[in-house]
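# Chain and residue survey
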Amino acid sequence: MATANLHLIDQALSPEQHRHLYELASKLYSDAHPRNDRALLQEAAYLARQANSARPDYIPGINLLCRIELRRSRLHQARQWVTQGLAVKPDSVSLLYSAGHVELTAGDLDAAEQYFEQAAKISRSATKAAHYLAHVKLLKGEYVAAFQQFRELARTGHPSRTLRSQLFDAAAHIVADFYAEEMEQDLLRFLDFNDVDYSQLRPLATSLLRHKLKLSEAGCPLALDNIANDPLLLRCLECFYFTDPVFERLFVTLRQTLLFSSSRSLAIAEPMLPLVSALAHQCWLNEGVSYISDSEEQLLQQLDQLSQRMLASDALEGPDLYPVLILQWMYRPASQCQHFATLQQRQLQHWPHWLQQHWQQQVEEPLQLTRIAAQLPSIGMLSDRTTAAVKAQYDQHPYPRWRDIGYNQPSHYWSALEATFPSQLAGLNQRPGPIQALVAGCGTGRHAIRLAHYFYQMQVTALDISHSALAYAKRQAEHYGERHIDFVQGDLLAVERLGQQFDLIECSGVLHHMQQPEMGLKALAQQLRPNGFIKVALYSRTARRAVTQLRQHLAEQRPQNNQDIRLVREALLQQAIEGDWHSLIQSPDFYSLSACRDLLFHTQELVFDLSQLLQLAEQTQLEWVGLIPPPSAESLAQRHFGCHAHQLTLSQWQQLEQQQPQLFAGMYQFYLHKPAQPTLAGM
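Throughout what follows, the structure given in this document is the object of discussion. Just so we're clear, the structure is a prediction, and the values are computed from it rather than from any experiment.

### A closer look at the overall build of the protein
Each helix and strand in the protein was counted, giving 31 helices and eight strands. Against the compact-globule benchmark of 26 Å for 683 residues, the protein has a radius of gyration of 28 Å, which places it among compact chains. C-alpha extents for the protein along the principal axes are approximately 95 × 65 × 50 Å. For the protein, contacts bridging at least 24 residues in sequence account for 75% of all contacts bridging at least 6. About 30,800 Å² of surface is accessible on the protein, with carbon and sulfur atoms providing 49% of the total. Taking the average place of the 58 positive charges on the side chains of the protein and the average place of its 68 negative ones, the gap between the two points comes to 3 Å.

### Some thoughts on the packing of helix H30 (residues 633–641) against helix H31 (residues 650–659)
Following both chains from N to C, one finds H30 and H31 inclined at 105°, their axes separated by 11 Å at the closest point. Of the possible angle classes, the one that applies to H30 and H31 is roughly perpendicular. For the pair H30 and H31, contact is made by Ala633, Leu636, Ala637, His640 and Phe641 and by Gln652, Trp653, Gln655, Leu656 and Gln659, respectively. Residue composition of the contact of H30 with H31, by class: six nonpolar, four polar and no charged.

### Points about the environment of Leu572
Here Leu572 is to be found in helix H26 (residues 562–573). Taking the C-alpha atoms as reference points, Leu572 and Ile585, separated by 13 residues in sequence, lie 7.7 Å from one another. Ignoring anything within four residues of it in the chain, the contact list for Leu572 reads Leu550, Ile577, Trp581, Ile585, Phe590 and Leu600.

### Observations regarding the sheet that holds strand E6 (residues 528–538)
Pairing in this open sheet of eight strands is mixed, and the strands run E1-E4-E3-E2-E5-E6-E8-E7 from one edge to the other. Looking at the sheet topology across the chains shown, the edges are occupied by strand E1 (378–380) and strand E7 (623–627). Within this sheet the neighbouring strands show an average axis-to-axis angle of 20°, counted without direction. The pairing of E7 with strand E8 (residues 668–673) spans four bridges and is classified as antiparallel. For Leu627, the partnering residue across the bridge sits in E8 and is Phe670. The strands touched by helix H22 (residues 446–454) within the sheet are strand E2 (435–440), strand E3 (458–464), strand E5 (502–508) and E6, with E3 carrying the most contacts at an inclination of about 175°.

### Regarding the state of the cysteines
What we call a disulfide is simply a covalent bond connecting the sulfur atoms of a pair of cysteines. One pass over the structure, following the stated rule, counts zero disulfides. Here Cys337 stays free of any disulfide, with the sulfur of Cys283 as its closest cysteine sulfur at 8.2 Å. Owing to a relative accessible area of 7%, Cys337 belongs among the buried residues under this scheme. Left without a disulfide partner, Cys507 is nearest to the cysteine sulfur of Cys442, which lies 11 Å away.

### Quick word on unusual backbone geometry
Here the amide bond leading from Tyr399 into Pro400 is cis, since omega sits at -10°, within 30 degrees of zero. Backbone geometry places Lys214, a non-glycine residue, at a positive phi of 55°. Along the chain, Lys214 turns up in the loop between helix H11 (202–213) and helix H12 (224–228). A relative accessible area of 54% means that Lys214 is categorised as exposed. At Gln457, a residue that is not glycine, the phi angle is positive and equals roughly 55°. Locating Gln457 in the fold gives a position in the loop between H22 and E3. You can call Gln457 partly exposed: its relative accessible area is 31%.

### Section: H31
Among the residues of H31, those classed as buried are Leu650, Gln652, Trp653, Leu656 and Glu657. Take H31 and look down its axis: the buried residues cluster within an arc of 155°, on one side only. Elements that come into contact with the buried residues of H31 comprise helix H29 (610–619), E7, H30 and E8.

### Considering the side chain of Glu103
Counting through the fold element by element, Glu103 comes out in helix H5 (residues 93–106). Within the local environment of Glu103, its side chain forms a polar contact with the side chain of Arg79, the two groups lying 2.9 Å apart. If we ignore the near neighbours within four places in the chain, the residues touching Glu103 are Arg79, Asp108, Ala111, Ala112 and Tyr115.

What counts and how
Residues numbered from 1 in each chain as written. Predicted model: local features only at pLDDT ≥ 70, side-chain atom pairs only at ≥ 80, totals over all residues. Heavy atoms only, no water. Helix = DSSP H or I, 4+ residues; strand = E, 2+ residues; numbered from the N terminus. Rg over C-alpha atoms; globule rule 2.2 N^0.38 Å. Contact = heavy atoms within 4.5 Å. Areas by Shrake-Rupley, 256 points an atom, 1.4 Å probe, with all protein chains shown as cover. Lys, Arg positive; Asp, Glu negative; His and termini not counted. Charge placed at Lys NZ, Arg CZ, Asp CG, Glu CD. Axes fitted to C-alpha atoms, helices over the stretch in contact; angles between N-to-C directions. Parallel < 35°, antiparallel > 145°, perpendicular 65-115°, else oblique. Nonpolar A, V, L, I, M, F, W, Y, C, P; charged D, E, K, R; others polar. Pairing = 2+ DSSP bridges. Disulfide = S-S within 2.5 Å. Buried < 20%, exposed > 50% of the residue type's maximum accessible area, 1.4 Å probe, protein only. Arc of directions from axis to C-beta. Polar contact = N/O pair within 3.5 Å; in protein donor to acceptor, adjacent residues only side chain to side chain.

Given below as structure tokens:
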């Protein structure tokens, strides 16, 4: 690490001395940036100012001062430096690019867009201005324009992880108005990208397929042979689960036709093999969520029994067995079939190459997760029936079964938190060094892994009651190279058994599944260091009104097993349950078995009003910081109250939620702070 103890130099600097000061300041800035080391940033600024005093018109030096002040969250000073530099050289690409970042940080998206546009016009290769121009479009909600720009950038060379992620972010908000072969070819290319969330392409890809297949509520006019060989349909079936009732009906019809036509001879016609395989992938992704008729169920049970007898014969190998297995896997994953235990004991030879991924997903992965679950450290469980029931649910249906962590620009957590609440946390000064973070109720681990992956100096402990969910999380963490997250099984109410205090605790979507959420929050608060922060996410009563109505309607008949979930889903799709359930059927979670159970049929669920959030804080002697604004909140705040969303009071949030009932469909997400000194109420 570079360090310096220099004093102001009165005499004129030689070019070599100026260069030395500039390079040393640049080195200090580079060292300080990933750790957000304020002392190093201050020293870098000091040296950069000395260099600037010797050469006030040196553009790289002015740009460095701008970037340093921007990193120090001193927007006014950063803007002054970039303005001074542009007065010297108005067409400086680096300064225009930095000016764009200053305005982007300040939240002035229009000004940022203008600067990035100017920089990109001068040179599209000198900086990432073209990329950030598309990024600003994305932030402004101009999704079509953002997608087109990211799409064009993705065509040139190998797209970066950031570009791929933002391209997919934009695609998640757009649909196709007509079929275009060029778009299909682009989507097929995008579906071959690695480390991306394919489900973000779902709206665009499914709308394009609707037009291509001429699909409607009345059905699909195309012949089975045409559908069976459609490359985009097959690839989409393998990459994400569909969330459209029209497509679900199509797939139910296709698999029924294939099941009845193939089961007679236990042979699958070769032209149909890609479609059968793709439908089995789709079933693995959605965990067999679709309705199974009585006649299909009867035939599937017969095939399951036959499978067990065939697997017991050493004389039969992969080519003999795969037809009877893959036909069943179109309906339910192997782990839900009776032949699963026998299948795990077989070492099949000559399994067809095109089915290798099925073998890995259906057989090897469950075995691996079982081994991981058996090795997890535990702090134990407390005797609570509610917690035991919740654990049983998530052990059976780990949720969510995510595939990619998405992309975030790496940053420092405290800087990001200060940027989220600039009014409330201006000048936030946390202790230096690694951040000890606890993710309480980490589930399948996506958020814990994102914390460790994208925030500097983050040491994460991930706690959950479900062995199955934690096994999934730990395997995914190893995939992303995050081997130092401590995954621990145990009851949140026993969190003190960890024997550790934390600077930060995140508890998202957990407390509302407890019998007494305030006791859970109190247990977490006791493990929070003074001056620490806790992030909580809870269900909104308003946003979940339809869910609550359905739960009340079903009462004690809420489904608790896979078949009952399928039956109730089908009743909702067929409008056989009185009520307006359109919003539920529109939810992507409706189309996955574990997600549907979590969405509609959870064994324990409480909902909250905004006023109750403050009560929770008061009960645990924690200070209210604020709500994290949902994506649409900024424009609503400006339109209704003439202020930024982070400046809204709870009363103003309540008014907005009354006007926009789904504003907090993604839960109330808010921060609380533990005072450095105990409050009078807590003494």
